[in-house]
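Structural overview
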Amino acid sequence: MDVLINVFVALHIIGIASLLGGFLTQTKAMGAGTARFVPAMLHGALTMLVTGIALVGLNQADDQSVNNVKIGIKLLILVVILALVYVKRDDEKAGKGAFAAVGGLTVANIFIAVLWT
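Here the structure is a predicted model, which means the values were calculated and not measured.

Reading the values: the criteria
Residues numbered from 1 in each chain as written. Predicted model: local features only at pLDDT ≥ 70, side-chain atom pairs only at ≥ 80, totals over all residues. Heavy atoms only, no water. Helix = DSSP H or I, 4+ residues; strand = E, 2+ residues; numbered from the N terminus. Contact = heavy atoms within 4.5 Å. Core = buried A, V, L, I, M, F, W, Y, C linked by side-chain atoms within 4.5 Å. Buried < 20%, exposed > 50% of the residue type's maximum accessible area, 1.4 Å probe, protein only. Phe/Tyr/Trp six-rings, centres within 6.5 Å; stacked < 30°, edge-to-face > 60°. Axes fitted to C-alpha atoms, helices over the stretch in contact; angles between N-to-C directions. Parallel < 35°, antiparallel > 145°, perpendicular 65-115°, else oblique. Left-handed = near helix turned anticlockwise from the far one by under 90°. Nonpolar A, V, L, I, M, F, W, Y, C, P; charged D, E, K, R; others polar.

1. Some thoughts on the side chain of H12
Mapping H12 onto the fold places it in helix α1 (residues 2-25). Each residue touching H12, except ones within four places of it in the same chain, is listed here: M48, T51, G52 and L55.

Okay, here's the thing in structure tokens:
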């Protein structure tokens with residue numbers, strides 16, 4: 001079971017890398033007001049959602065404790081990110097506020113995952 005959990009953790013990290021990487025590649029364009037939500041951001045967020053749900057289930061199946069409050073907050077943040085990216089995915093330009101919010105919420109989600117023990 002540990003190997004399977006570690007595979008899903010690796011896939012979860014790949015998802016966050018895709019979301020954050022997509023954001024970081026557009027930061028220069030954000031300054032110019034031409035940033036847009038790229039497909040990598042949507043795919044990364046969806047990957048995080050699927051692998052995160054799988055990780056919670058696998059950890060509970062393995063009788064490991066799961067902090068439901070932490071998971072709930074991370075899920076709420078991810079749903080907001082997904083909503084912003086999904087709704088604005090076809091727009092030529094994303095608003096600076098919405099784009100910055102996705103980046104900030106992504107970083108916040110990372111810090112919650114790492115620092116909340």
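2. So, the environment of N59
Of note, N59 is situated in helix α3 (residues 39-61). With 24 residues separating them along the chain, N59 and A35 place their C-alpha atoms 38 Å apart.

3. Brief notes about the nonpolar core
A general tendency of soluble globular proteins is for nonpolar side chains to be buried together. Counting 21 residues, the largest nonpolar core has L19, F37, M41, I81, V85, F99 and V102 as its most contacted members. The set of elements that each furnish at least two residues to this core consists of α1, α2 (27-32), α3, α4 (68-88) and α5 (96-115). A per-element tally of this core places α4 first, with 5 residues. Look past the residues within four positions of I81 in its chain and what remains in contact with it is L19, A45, V102, L105 and T106.

4. Side note on the packing of aromatic side chains
The geometry of two aromatic rings is summed up by the distance between their centres and the angle between their planes. A complete count under the given rule lists 2 aromatic pairs for this structure. On the basis of an interplanar angle of 25° and a centroid distance of 5.0 Å, the ring pair of F23 and F99 is categorised as stacked. Here F99 lies in helix α5 and F23 lies in helix α1, a separation of 76 residues in the sequence. For F99, a relative accessible area of 0% corresponds to the buried category.

5. Comments concerning the packing of α1 against α3
Relative orientation of the contacting elements α1 and α3 amounts to 155°, with a least axis distance of 8 Å. As summarised for this structure, α1 and α3 are arranged roughly antiparallel, according to the angle between their axes. Seen along the crossing, α1 lies across α3 with a hand that is left-handed. Residue-level inspection shows L4, I5, F8, V9, L11, H12, G15, I16, S18, L19, G22 and F23 of α1 in contact with α3, the latter providing A40, M41, G44, A45, T47, M48, T51, G52, A54, L55, L58 and N59. Per-class residue counts for the contact of α1 with α3 are 15 nonpolar, 9 polar and no charged.

Keep in mind these values describe shape, not function.
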